[in-house]
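Structural characterization, general
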Amino acid sequence: MRRLLVAAIAVWLSVPLGAQWGGTLRLCLRSEPKTLHPLEAAEESSETIRFLTSAALIRLNRASQQPEPDLAVSWKITDAGRRIRFQLREGVRFSDGTPFTAEDVAYTFDLLSAASLRSPVADSFRSPLGVLKTTVHSALAITIDFPAPVAGLDRRFDGLSILSRRSPLKEKAVLGPFLIAQHQPGVYFHLDRNPHYWKTAPAGRRLPYLDAVRLEIQTNRDTELLRLRRGEIHLINKIEPEHFLRLKGDMPKAPYNAGPSLEPEMLWFNMVPTAPLPAHKKAWFTSRPFRNAVSGAIRRDDLVRIAFQLLATPAAGPVSPANRFWFNKDLSPRRHDPAGSLRLLAKVGFRKQGPRLVSPSGQPVEFTLITNSGNKTRARMAALIQQDLAEIGIRVHLAPLDFPSLIERITRTFDYDACLLGQTNLDLDPNSQMNVWLSSSPNHQWNPSQPAPATAWEAEIDRLMRAQAASADPAERKRHVDRVQKIVFDEEPFVYLLYKNSLAASSGALAGVQPAVMFPQVFWNIDRIHFAKGAAGN
Amino acid sequence: MLLLAGLLGATLVRFAPGFAVDERELDTRLSEETLNAVRAERAADAGLLAFYGNYLGGLASGDLGFSRSLNRPVRELLGERLPATLRLVAVGLLLGWMAGLGFALSGAAFPGSGVSAGGAAVAGLILSVPAALVGLAFLHGGWPREAAVGVVVFPRIYSYASRLLQETATRPHVLLARAKGVSGAALLGRHLLRPPLGELAALGGVTVSIAWGACIPLEVLCDVPGIGQLAWNAALGRDLPVLVSLTLLTALITMSANALADIAAASLRRPG
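A brief look at the structure comes next. (Residues numbered from 1 in each chain as written. Chains lettered and ligands numbered in written order. Predicted model: local features only at pLDDT ≥ 70, side-chain atom pairs only at ≥ 80, totals over all residues. Heavy atoms only, no water.)

A look at the pairing of strand 16 (residues 366–372) of chain A
Residues and elements named next belong to chain A. Strand 16 sits mainly inside the fold: five of its seven residues count as buried. Examined bridge by bridge, strand 16 and strand 17 (residues 395–401) share seven bridges and lie parallel to one another. Across the sheet, residue Thr371 finds its bridge partner in strand 17, namely Pro400. Note that strand 16 and strand 18 (residues 418–422) share three bridges and pair parallel. Bridge pairing in strand 18 links Ile370 to Cys419. (Buried < 20%, exposed > 50% of the residue type's maximum accessible area, 1.4 Å probe, protein only. Helix = DSSP H or I, 4+ residues; strand = E, 2+ residues; numbered from the N terminus. Pairing = 2+ DSSP bridges.)

In structure tokens form, the structure reads like this:
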């Protein structure tokens, strides 16, 4: 009841009086979506279409970072996180008029359980311990039982679109604010308002305010910026620092800076025992003092200032300060201390020989840093890191590679020394990063798919991550995750460098835009975005 | 020849670094089981013999395979994108030919007027600019993309046509016509343009290939959803079925254009 009241007040407060109805919002997709099936969506364009056209049982409010009722008016988690019971909203209809019931939720879970379905949302509800079970109690009540406790269970429903069991249109019948009206492959999607969308404005009129959303497929980011400046599009969900500053010069009200994003930039050393590297390099890379020394020699402030023009925040660990609940506030970014780095290296036998650093076995210390080509900001970061490490006598060779080649090296051949890359975090809950932290996972980048943890600290991370995933107590989970962050800070398997800021842009024509750090940053509240009084929206 | 060109293209892509990887492999939300399934899917494409067997088998029934990077049948992708590129090429060629031939004819019809020198200077300048840069200029200027193709083919047409027409202009029959007072359209059409028509038709075939090749950078930069953009994305995604099909299509178009040009040239050169 309290939750409902809070949600109602939040909704009331977020709706300006006298908002303008109608108009077509224009924005760009950066590629053709690979699928229009909401349960298969895995990349940004497909997820954008899914977000604009679907509704979920529970939605995460991107501003408060808290779950809110959507198709479910209430829910209760019991049995230590194994069971969730939903009370569904009454009178909701799909876009073709088919009534929404608990049968649709059960049907969606049936589809989700199909072994052939391989997608992030399907994987987030799967468990190696068995299959989930749905029990429909009535048209508006359903219980879902999981084979094992699921941490952060309610938040997982944010990305799950509910499909209709009975509609002849199948997944094309939607519950979200818009529906796909036209699509010209490679050119655009035209979404019309869903006439049956259940949310209403305070006066009782059905949302969304907008008549339509037009998504132009635009792969070139410079063109996207140009089109915003020309008034041909109204929003850009993510923009680069360089574009942000350019916009700030000539359209001061257009750019938004929502502060540190959830996406870190980091580098790591190859610690794969079978990697085709000389033994002395393997010894350096698996040495904690070596990694700490490299980390301490990097000027994070310069990376932020020069590579990101101050539109980033130095990083301390794997959880962004933007993630209010899970961030470990006891950690702060490693200080730039080249003298300290040299002392640390001297303790394990490295020594300076003229301008070069020499290893205990006499080799000059040098390595190649690979990164993906075509990313100007990352290229600048790599060049700055190269300069910083030269100060302590480490020679760094830079090797930008195209993405498939880079993936091949870090996942198959392991033929690399160190890699500079970013990480995409779409979820606030650390459970979504299980595949990074478990030593057995293929995404445990520095040494993937280990049959048994190679080090004691990796075994400890495995234990803590499994413990937090099995607990329904948020405080206990937080303790475990804080400890993981501390271990990662000390051991530095990933040398976290910075969190780039969440930057977006909107033309002055719009009102109600509330940029957030979670996807979709600027249109997460699309049903409440509208054109400002007097602005043309066609 | 066509098949050989396609198969060679496929072989080169197969051995490019990162051939059997998938960007989804870095998606931390996917489970180990899913990642293994994704890898198995990609590994299935790695065998060249199996690929060729399946591709050629499908080709016989009009099936061009499935694009894993775009998650669509290749035939659908080509069908959707071909019209945009054909339009770009057709309009671009028309503009390029009008400008190139127009300048060349003016230069030949009015020797010493400065048109030849001006045309040569412009053609030389454009010839030294890569198609991608032309595309960027058109993008930032907000000018029609078709005209960019025209700009790319213009110097080739102008240089060749200008040389041919200037040679023709010094032939005795043209000099005689001028001496008899023939000028304007009659001089251009009957005496200057008619003799080199066969050679110009042959140039037509070549310019189709040039315009088609220019579409890759132009479509990528100007965001035209055509064959060029598809080729670029397929190369980045190491998408073998798409690349083989595009190679075959390109070879088919080039050879058809040249064959048509040869036939036209032969019939135009025929006396009478």
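Still to come is the rest of the account.
Focus on the packing of helix 7 (residues 145–169) of chain B against helix 10 (residues 197–222) of chain B
Residue and element names in this part refer to chain B. Put simply, helix 7 and helix 10 touch, their axes get as near as 9 Å, and they point 150° apart. One way to sum up the angle between helix 7 and helix 10 is to call them roughly antiparallel. As helix 7 runs across helix 10, the sense of the crossing is right-handed. Counting all contacts with helix 7, which are made through Arg145, Ala148, Val149, Val152, Val153, Arg156, Ile157, Tyr160, Ala161 and Leu164, the residues of helix 10 involved are Glu199, Leu200, Leu203, Thr207, Ile210, Ala211, Ala214, Leu218 and Cys222. Grouping the amino acids of the contact of helix 7 with helix 10 by side-chain chemistry returns 15 nonpolar, one polar and three charged. (Axes fitted to C-alpha atoms, helices over the stretch in contact; angles between N-to-C directions. Parallel < 35°, antiparallel > 145°, perpendicular 65-115°, else oblique. Left-handed = near helix turned anticlockwise from the far one by under 90°. Contact = heavy atoms within 4.5 Å. Nonpolar A, V, L, I, M, F, W, Y, C, P; charged D, E, K, R; others polar.)

A short note on the nonpolar core
Inside soluble globular proteins, nonpolar side chains tend to come together where they are buried. Within the largest apolar cluster, 65 residues are counted, with the highest numbers of intra-cluster contacts made by Leu78, Leu93, Trp97, Leu200, Leu230, Val242 and Leu246 of chain B. With residues up to four places along the chain from it excluded, the contact list for Leu230 of chain B reads Leu70, Leu77, Leu78, Arg81, Val242 and Leu246 of chain B. Counting residues in each nonpolar core, the second largest holds 64 residues, with Val272, Leu389, Ile487 and Leu498 of chain A among its members. (Core = buried A, V, L, I, M, F, W, Y, C linked by side-chain atoms within 4.5 Å.)

Some details on the interface of chain A and chain B
Size of an interface: often given as the accessible area lost when the parts come together. Listed per partner, the contact involves 39 residues of chain A and 36 residues of chain B. In this assembly, chain A packs against chain B so that about 3300 Å² is buried in total across both faces, 51% of it on carbon and sulfur atoms. Per-residue buried area on chain A facing chain B is highest for Lys34, Arg118 and Arg412 of chain A; these three make up 18% of the total on that side. Inspection of the chain A/chain B interface yields three salt bridges. Note that Arg238 of chain B and Asp402 of chain A form a salt bridge whose closest N and O atoms lie 2.8 Å from each other. The interface formed by chain A and chain B contains 20 residue pairs in polar contact (both at pLDDT 80 or more). Mapped by element, the contributors of at least two residues to the side of chain A that touches chain B are helix 4 (120–124), helix 5 (221–229), helix 12 (403–413) and helix 13 (434–437) of chain A. With eight residues, the top contributor of residues to the side of chain A that touches chain B is helix 12 of chain A. Within the side of chain A that touches chain B, the residues separate by chemical class into 13 nonpolar, 17 polar and nine charged. (Buried area = accessible area lost by both parts, 1.4 Å probe. Salt bridge = Lys/Arg side-chain N within 4 Å of Asp/Glu carboxyl O. Polar contact = N/O pair within 3.5 Å; in protein donor to acceptor, adjacent residues only side chain to side chain.)

Observations regarding the sheet that holds strand 7 (residues 141–145) of chain A
All names here are of chain A. Spatial strand order, 4-5-7-6: four strands in an open sheet with antiparallel pairing. The sheet is open, and its two edges are formed by strand 4 (72–78) and strand 6 (133–138), each paired on a single side. With direction set aside, neighbouring strand axes in the sheet form an average angle of 15°. Pairing geometry for strand 4 and strand 5 (residues 83–88), over six bridges, is antiparallel. Note on strand 5: the bridge partner recorded for Lys76 is Arg85. The strands touched by helix 3 (residues 102–112) are strand 5, strand 6 and strand 7; relative to strand 6, the strand with the most contacts, the crossing angle is about 175°.

Concerning helix 14 (residues 456–469) of chain A
An ideal rise of 1.5 Å per residue puts 20 Å on 14 residues; helix 14 of chain A measures up with 20 Å between its terminal C-alpha atoms. Close packing links the buried residues of helix 14 of chain A with helix 8 (288–297), helix 13 and helix 15 (474–491) of chain A. (Expected span 1.5 Å × (residues − 1).)

Considerations on the pattern of salt bridges
Within the structure shown, the criterion is met by 49 salt bridges over all chains. Taking the shortest distance from any N to any O, the salt bridge between Arg87 of chain B and Glu146 of chain B comes out at 3.2 Å. Taken together, the residues span a long stretch of sequence, with Arg87 of chain B in helix 4 (residues 74–109) and Glu146 of chain B in helix 7 at a distance of 59 residues. What emerges from the salt-bridge pattern is a single network uniting Arg26, Arg214, Glu216, Arg227, Arg230 and Glu232 of chain A.

Examining the packing of aromatic side chains
Summed over the entire model, instances satisfying the criterion amount to 31 aromatic pairs over all chains. Among the aromatic side chains, those forming a connected cluster through ring pairs are Trp268, Trp437, Trp446, Trp457, Phe494 and Tyr496 of chain A. Residue placement shows Arg205 of chain A over the ring face of Trp21 of chain A; its charged tip is 4.1 Å from the ring centre. In this structure, Arg14 of chain B is placed above the aromatic ring of Phe15 of chain B, and the distance from its NZ or CZ to the ring centre is 5.4 Å. (Phe/Tyr/Trp six-rings, centres within 6.5 Å; stacked < 30°, edge-to-face > 60°. Lys NZ or Arg CZ within 6 Å of the ring centre and 35° of its normal.)

Things to note about empty space enclosed by the protein
Residue and element names in this part refer to chain A. Inspection of the entire model under this criterion finds four cavities of 30 Å³ or more. Taken together, 17 residues make up the lining of the largest cavity; nearest its centre are Pro318, Val319, Asn425, Pro430 and Gln433. For the lining of the largest cavity, the residue count by class is nine nonpolar, six polar and two charged. Approximately 130 Å³ is the volume found for the second largest cavity. Lining the second largest cavity are 14 residues; nearest its centre among them are Cys28, Leu29, Glu44, Thr48 and Asn237. For the lining of the second largest cavity, the secondary structure elements donating two or more residues are strand 1 (24–29) and helix 2 (44–53). Grouping the amino acids of the lining of the second largest cavity by side-chain chemistry returns seven nonpolar, three polar and four charged. (1 Å grid on protein atoms, 1.4 Å probe; cavity = no way out; pocket = protein on both sides within 12 Å on 5 of 7 lines; lining within 4 Å. Points joined across faces, edges and corners; volume = space filled by probe spheres on them.)

A word on the side chain of Thr48 of chain A
Residues and elements named next belong to chain A. Following the sequence through the fold, Thr48 ends up in helix 2. A distance of 2.8 Å separates the side chain of Thr48 from the backbone oxygen of Glu44, its partner in a polar contact. Residues within four places of Thr48 in sequence aside, it is in contact with Leu29, Leu215, Phe519 and Phe523.

What to know about a nonpolar patch on the surface
Residue and element names in this part refer to chain B. On the surface, a nonpolar cluster with roughly 220 Å² of combined accessible area is contributed by Val129, Leu133 and Leu136. Position of Leu136 among the secondary structure elements: in helix 6 (residues 131–141). A residue is classified by how much of its surface remains accessible, and Leu136, at 33% relative accessible area, is partly exposed. (Patch = residues over 30% accessible without salt bridge, like charges linked within 9 Å, V, L, I, M, F, W, Y side chains within 5 Å. Areas by Shrake-Rupley, 256 points an atom, 1.4 Å probe, with all protein chains shown as cover.)

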